[in-house]
Amino acid sequence: MKNKFVKAILVIVLGSALFTSCKPKNSGDAVSGDAAQRVYVAPGKYDEFYNFVSGGFSGQMSVYGLPSGRMLKVVPIFSQDPESGWGFSEETKPMLNTSEGFIPWDDQHHLELSQTNGEVDGRWIFANANNTPRIARVDLKRFKTAEIIELPNSAGNHSSPFITENTEYVVAGTRFGVPGDYENGDVPINTYKENFKGHISFIKVDKESGKMDLSFQLRLPGVNFDLSHAGKGKSHGWFFFTCYNSEQANTLLEVNASQRDKDFIMAVNWKKAEEYIKAGKGKIEKTKYAHNTWNDETHTGTSVIKDEVLVLDAMAMKDICYLMPCPKSPHGCDVDPTGEYIVGSGKLAALIPVFSFDKMINAIGKKDYEGDYEGIPVLKYNSVLHGEVQKPGLGPLHTEFDGKGNAYTTFFVSSEVVKWDIKTLKVLDRVPTYYSVGHLCIPGGDSKKPFGKYLIAYNKITKDRYLPTGPELTQSAQLYDISGDKMQLLLDFPTIGEPHYAQAAPADLIRNNGQLKIYDIKKNNHPRVAKGEKETKVVREGNKVHVYMTMVRSHFSPDNIEGIKVGDDVYFHITNLEQDWDVPHGFSIRRAQTAELLIMPGETSTLNWKPTKVGIVPFYCTDFCSALHQEMSGYIRVSPAGSNVPLSYSLGTNLPASSTK
Amino acid sequence: MNKSILLVLSLALAIACGKKEASAEDNYQPGGGEATTEAAADPASYDPKRGEGKYDTVELGATLDQAMATKGEEVAGVKCTSCHKMTDEKLVGPGWKGVTERRTPQWIMNFITNPDPMIDKDPEVQAQLEICLVRMPNQGVSDDEARGILEYMRKNDGVK
Ligand SMILES: [Cu+2]
């Protein structure tokens, strides 16, 4: 995908005589002498910002401190994670359930922090899964994925998860046009124009709990929805999406989807859509999607399959959606902090068009259309345009804002970040990136209140930056100081692959939001919890064996189990009895077919194991927990199927009853 | 962990060492960090009969409070007895037999609710650590729960 994109862009590069070199200069350029000091955070001191970075094809989210660039955590969301047991433990498996069963991987592109009144509020962060369309909510008190909702009628869930200024909705637009789930999908691919549609999902978010609910979908022409942002302030109530492939090509898109001079930014009046829904204009369609929620008291995920969705045909309603022509395959769609300016970045264009919300409303009022596109009005380019940034660079992708009237745009092909004035559209400064930069992030940079001190660029290619590690080099981020007139490069830091979008917020906002340090064991309502060693036991139910086990520095209870047989289906329900911050214990068992468990203080987690061989099987703690960590272990005796060794378990007695037989 | 104590502690340190003030949250606490190790260098301020924490005195009844002891036994079952036996036998930590005769009630209450600073300062606990090699964890025991545990320990030591 990356290669095709590069190829498409090469056409423009070759055609341009203005830029003699698109490669960055040598690797030391743009670094000033005191950069090290400005990113140094002394041992034991905290960083100023949290940076949440999408994990791309790792399916996860990583968390960094800024300005140090130190990685603090990887939060598993859409992919199984052996380090934490996410997607391996019985409790977390339901979180990766979909309408087509358990799916252990995804491609995680964008992140969006929840907002209140257009400002980052530090409560949740939303994440998209690109491949099997899903949206997740990560709870920032626990840094844990709390909810995952699958999206029907979608494919390539790219323009998501973007939110409205009070987190009323999370939206998700489909990158690939496909027939809806409620239509016949067994059609020739070359009937794209007739049969393929695009659906945009509106997910309602509960104000208090954050719980998500797929409220409705808009049915739209089959184009590729790429990115999005909500209006804010005066444009609250509107959403903006970039669309490419308005040619509706279905093959060799690098040429066939680049035919038209202009594609579109689609403006959606979601308040109007709400009115139509209320008036009963939506239609309930049959489909199937999973809705998975995490319960913090039972420490268990639940997956529910839903079977219908409310669809509103936006092509039939003439006043929900409007199209604004936008030069050549627009990618990023970014709204400035005032809500007046909408920046579209045509990735094959050599200019940046900036649209005016006021002009758009005015043009809609006067029906200043140049025609329609499959029933959706197309506004006149010149009627909605605030202006164009001329010759900013090559391959503009994404724009964020510093809250002081400036915009910062990344350029994939010319590998640079360019600072420009939103009102005058004059280029003010440019710095190289190393290189092929995609998204960028300014803490709060897509909200009403950016913290315009740092800018982080997320690079696709990292040639010449780090020690070589085989054919693949780590992807990277670069930190710039933007507090002055000129941007200054301060730091490179590696990321998990491949970083797309990111969000950042002041550290205090996150760490003072009621951060959880332990799970209170009194509130542990896991159905198979053992609250103390006296509640530990081993229970056989047919060929299922349930082990209620506890762990504490530095032993398991029980630590000797006999009477397990080949062919048994064994469940270890393990409770960590610690109530001390940062004392997880691990549990691993020889030849387990899953992963380890990593269990937090006060938490219960379950590992399933099916013994296949007769013999003695050790288990041990994987997380170094005390001076006696190596001693934290135990044994299981596995007897042949049909054996009459009775079930027994013990701790601290060297002769279980069965051993005497 | 008791925040006010830590704050006092780190403020005292800040003055003593001429350092910038650090808030309690900024110090790394578990396992002995800046605050705890440096504080250990000044044993003069530590009273080994009282320990360190919020308790100066603890009023004990002449006879056992049975209800309180039962509650204490419950809490101990979840948070304590995986490491402490009721006999004098060592498990992960020392056995509880006779603890209410060896220690004052306020020392026990302080140690249960505020273990880390005491592990760093108390000479007898340090000697104990050389034997057990596991620091007693802060189990997030509330004041009420701690008092119940103390009553349960008294019951174990024969108070009627
Ligand atoms: Cu352990």
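Residues numbered from 1 in each chain as written. Chains lettered and ligands numbered in written order. Predicted model: local features only at pLDDT ≥ 70, side-chain atom pairs only at ≥ 80, totals over all residues. Heavy atoms only, no water.

Draft legend 1. Up close: the overall build of chain A. Regarding its fold elements, chain A presents eight helices and 45 strands. In summary, chain A has a C-alpha radius of gyration of 27 Å against a globular reference of 26 Å for 661 residues, a match within 12%. Counting only C-alpha atoms and orienting by the principal axes, one finds that chain A spans roughly 90 × 65 × 45 Å. Residues counted as buried form 61% of the 661 residues belonging to chain A. Nonlocal contacts in chain A, meaning residues at least 24 apart in sequence, comprise 63% of its contacts between residues at least 6 apart. For chain A, the exposed surface amounts to about 25000 Å²; the carbon and sulfur share of it is 53%. Taken as two groups, the 73 positive and 77 negative side-chain charges of chain A have centres that lie 0 Å from each other. (Helix = DSSP H or I, 4+ residues; strand = E, 2+ residues; numbered from the N terminus. Rg over C-alpha atoms; globule rule 2.2 N^0.38 Å. Buried < 20%, exposed > 50% of the residue type's maximum accessible area, 1.4 Å probe, protein only. Contact = heavy atoms within 4.5 Å. Areas by Shrake-Rupley, 256 points an atom, 1.4 Å probe, with all protein chains shown as cover. Lys, Arg positive; Asp, Glu negative; His and termini not counted. Charge placed at Lys NZ, Arg CZ, Asp CG, Glu CD.)

Draft legend 2. Examining helix α5 (residues 105-113) of chain B more closely. Of all nine residues in α5 of chain B, nine are buried, a share of seventy percent or more. Looking at the packing, one finds that the buried side of α5 of chain B touches α4 (99-102), α6 (115-121), α7 (123-132) and α8 (143-156) of chain B.

Draft legend 3. Structural detail: the sheet that holds strand β20 (residues 330-335) of chain A. All names here are of chain A. The sheet built from four strands is open, its strands ordered β20-β21-β22-β25 with antiparallel pairing. At either end of the open sheet lies a strand with only one pairing partner, and these are β20 and β25 (385-390). When strand polarity is set aside, the average angle formed by the axes of neighbouring strands in this sheet is 20°. The pairing of strand β22 (residues 351-356) with β25 spans five bridges and is classified as antiparallel. (Pairing = 2+ DSSP bridges. Axes fitted to C-alpha atoms, helices over the stretch in contact; angles between N-to-C directions.)

Draft legend 4. Region of the structure containing the side chain of Ser89 of chain A. Residues and elements named next belong to chain A. Tracing the backbone shows Ser89 in the loop between β3 (71-75) and β4 (97-98). Judged by relative accessible area, Ser89 falls into the buried class, the value being 3%. Sequence-distant contacts of Ser89, defined by excluding residues within four places in its chain, comprise Leu597, Ser605 and Thr606.

Draft legend 5. The arrangement of α8 of chain B in detail. Residues and elements named next belong to chain B. With 14 residues, α8 extends 20 Å between its outermost C-alpha atoms, agreeing within 8% with the 20 Å of an ideal straight helix rising 1.5 Å per residue. Among the 14 residues in α8, 10 count as buried, and that is most of the element. Buried within α8 we find Glu145, Ala146, Arg147, Gly148, Ile149, Leu150, Glu151, Tyr152, Met153 and Arg154. In the core, the buried residues of α8 are packed alongside α3 (66-79), α4 and α5. (Expected span 1.5 Å × (residues − 1).)

Draft legend 6. Examining the nonpolar core more closely. All names here are of chain A. Counting 32 residues, the largest nonpolar core has Phe202, Leu218 and Met266 as its most contacted members. The residues touching Phe202, leaving out its near neighbours within four places in the chain, are Tyr169, Val170, Val171, Asp213, Leu214, Ser215, Phe216, Leu218, Phe239, Val268 and Trp270. Counting 25 residues, the second-largest nonpolar core is a separate cluster that includes Trp86, Leu96, Ala129 and Ile510. (Core = buried A, V, L, I, M, F, W, Y, C linked by side-chain atoms within 4.5 Å.)

Draft legend 7. Fine view of the confidence of the model for chain A. Averaged over all residues, the pLDDT of chain A is 93; the fraction at 70 or higher stands at 94%. Low confidence marks residues 1-23 of chain A, where pLDDT is under 50. Its contacts with residues over four positions away, or in another chain, come to 30 contacts. (pLDDT = per-residue confidence, 0-100.)

Draft legend 8. Molecular detail of the coordination of the copper ion. Residues and elements named next belong to chain A. Distances from the copper ion to its protein donors, namely His585 (ND1), Cys621 (SG), Cys625 (SG) and Met632 (SD), fall within the range 2.2 to 2.5 Å. Viewed at the metal, the four donor atoms of the copper ion are separated by angles of 97 to 128°, and the geometry they form is tetrahedral. Taken in chain order, the donor set of the copper ion reads H-x35-C-x3-C-x6-M. Of the two residues, Cys621 and Cys625, both sit in the buried class. (Donors = N, O, S within 2.8 Å, 3.2 Å for Na, K, Ca; no water. Tetrahedral: all angles 85-135°; square planar, octahedral: opposite > 155°, others 65-115°.)

Draft legend 9. Broad picture of the pairing of strand β27 (residues 406-411) of chain A. Residue and element names in this part refer to chain A. Taken across its six residues, β27 has six buried, putting it largely inside the fold. Residues of β27 alternate between two faces, with Asn406, Tyr408 and Thr410 on one and Ala407, Thr409 and Phe411 on the opposite face, all of them buried. Two elements, strand β26 (residues 396-401) and β27, share four bridges in a ladder whose sense is antiparallel. When the bridges of β27 are listed, Phe401 appears paired with Ala407. Examined bridge by bridge, β27 and strand β28 (residues 416-421) share six bridges and lie antiparallel to one another. When the sheet's bridge partners are listed, Phe411 is paired in β28 with Glu416.

Draft legend 10. Here's a closer look at the interface of chain A and chain B. Across the contact, 20 residues belong to chain A and 20 residues belong to chain B. Of the roughly 1700 Å² buried between chain A and chain B on both sides combined, carbon and sulfur atoms contribute 54%. Three residues stand out in chain A for area buried against chain B, namely Arg553, Gln579 and Asp580 of chain A, and they jointly supply 24% of the buried area on that side. Taken together, the links from chain A to chain B amount to one salt bridge. Between Glu145 of chain B and Lys522 of chain A there is a salt bridge; the shortest N-O distance is 3.1 Å. Our count for the contact surface shared by chain A and chain B stands at five residue pairs in polar contact (both at pLDDT 80 or more). Here the residues of the side of chain A that touches chain B are counted per class, giving six nonpolar, six polar and eight charged. (Buried area = accessible area lost by both parts, 1.4 Å probe. Salt bridge = Lys/Arg side-chain N within 4 Å of Asp/Glu carboxyl O. Polar contact = N/O pair within 3.5 Å; in protein donor to acceptor, adjacent residues only side chain to side chain. Nonpolar A, V, L, I, M, F, W, Y, C, P; charged D, E, K, R; others polar.)

Draft legend 11. Here's a closer look at the environment of Asn166 of chain A. Residue and element names in this part refer to chain A. Structurally, the position occupied by Asn166 is in the loop between β10 (159-163) and β11 (169-173). Distance in space between the C-alpha atoms of Asn166 and Asp121 is 9.6 Å, their sequence separation being 45 residues. Look past the residues within four positions of Asn166 in its chain and what remains in contact with it is Gln115, Thr116 and Asn117.

Draft legend 12. Expanded view of the packing of aromatic side chains. Residues and elements named next belong to chain A. This model, assessed by the stated rule, comprises 27 aromatic pairs over all chains. Judged by centre distance (5.3 Å) and plane angle (75°), the ring pair of Phe556 and Phe619 falls under edge-to-face. With Phe556 in strand β37 (residues 555-557) and Phe619 in strand β43 (residues 615-620), the pair connects residues that are 63 residues apart, well separated along the chain. Comparing Phe556 with Phe619 shows no difference in burial state: the two are buried. One aromatic cluster is present, built from ring pairs that chain together Tyr169, Phe202, Phe216, Phe225, Phe239, Phe241 and Trp270. Positioned over the ring face of Tyr169 is Lys204, at 4.5 Å from the centre of the ring. One cation-aromatic arrangement involves Lys537 over Tyr548; the distance from NZ or CZ to the ring centre is 4.7 Å. (Phe/Tyr/Trp six-rings, centres within 6.5 Å; stacked < 30°, edge-to-face > 60°. Lys NZ or Arg CZ within 6 Å of the ring centre and 35° of its normal.)

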